[in-house]
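Now for the letters of each chain:
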Amino acid sequence: QQQVKQSPQSLIVQKGGIPIINCAYENTAFDYFPWYQQFPGKGPALLIAIRPDVSEKKEGRFTISFNKSAKQFSLHIMDSQPGDSATYFCAASKIRGFGNEKLTFGTGTRLTIIP
Amino acid sequence: DAGVTQSPTHLIKTRGQQVTLRCSPISGHKSVSWYQQVLGQGPQFIFQYYEKEERGRGNFPDRFSARQFPNYSSELNVNALLLGDSALYLCASSLYFDALSYEQYFGPGTRLTVT
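Note that the structure is a prediction, hence the values are computed from the model and not measured.

### Considering the state of the cysteines
All names here are of chain A.
Reasoning step 1: This model, assessed by the stated rule, comprises two disulfides over all chains.
Reasoning step 2: Linked covalently through their sulfurs, cysteine 23 and cysteine 90 form a disulfide whose S-S length is 1.8 Å. The S-S bond linking cysteine 23 to cysteine 90 shows a torsion near -95°; that makes this disulfide left-handed. Of this pair, cysteine 23 sits in strand β3 (residues 20-25) while cysteine 90 sits in strand β9 (residues 86-92), and the two are 67 residues apart along the sequence. For the residue pair cysteine 23 and cysteine 90, the accessibility class agrees, reading buried in each case.

### Description of the nonpolar core
Reasoning step 1: Ranked by internal contacts, the top residues of the largest apolar core, which has 24 residues, are Phe33, Trp35, Phe73, Leu75 and Tyr88 of chain A.
Reasoning step 2: Per-element accounting of this core gives the leading share, four residues, to β9 of chain A.
Reasoning step 3: In contact with phenylalanine 33 of chain A, not counting residues within four places along its chain, are Tyr25, Ile48, Ala49, Ile50, Pro52, Ile64, Phe66, Phe73, Ala91 and Ala92 of chain A.
Reasoning step 4: Among the nonpolar cores identified, the runner-up in size contains 22 residues, and Val19, Ile46, Phe64 and Ala87 of chain B belong to it.

About the cut-offs
- Residues numbered from 1 in each chain as written.
- Chains lettered and ligands numbered in written order.
- Predicted model: local features only at pLDDT ≥ 70, side-chain atom pairs only at ≥ 80, totals over all residues.
- Heavy atoms only, no water.
- Disulfide = S-S within 2.5 Å.
- Helix = DSSP H or I, 4+ residues; strand = E, 2+ residues; numbered from the N terminus.
- Buried < 20%, exposed > 50% of the residue type's maximum accessible area, 1.4 Å probe, protein only.
- Core = buried A, V, L, I, M, F, W, Y, C linked by side-chain atoms within 4.5 Å.
- Contact = heavy atoms within 4.5 Å.

Following this line, the structure appears as structure tokens:
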């Protein structure tokens, strides 16, 4: 019940397009859903996160859409650029209070933006 | 402000040896988590510490242990290394806005190769 399933495994989009990465979770106790961006040889960097009390959140060119009934959430990248080429991970956790959170990660999506 | 720092950057060990990895959280962050990321997969949770107390442990054998020091830095120890322990070991520090709101920031990782 701790799985987070992510798709697609890889994605190629032309510059300016809108890549969409999808995640589905099983544990209904999860109440925090972040997205991370990882470049080769680097640690994951927090992009944007959402709580289940909202259906959408935007930060710059990044948007999370959240469907609580379907237990799914997705990342949209507007006006994608070659510099967005990276591996993206969705994650989920149950917030229990200070120091009791563990992130469960998806398997990652390798995104390539072609000029 | 400095981010999460980890040392060493790379490490090569032989099967059966022991290894210690080190992490310094972002200033002011009191929680440190450790994750293992095998090539091509998402990070897997190993431990979380808050105020020097272990608050969570993932599904890893007892060969893995950790501790957090009074200055909130942390060490991850792995004994009796196996080839399968080869991975990127990530440390993350957590900023808590309140008991029910947090963000987790990752360091660059330590690449461990076991031969």
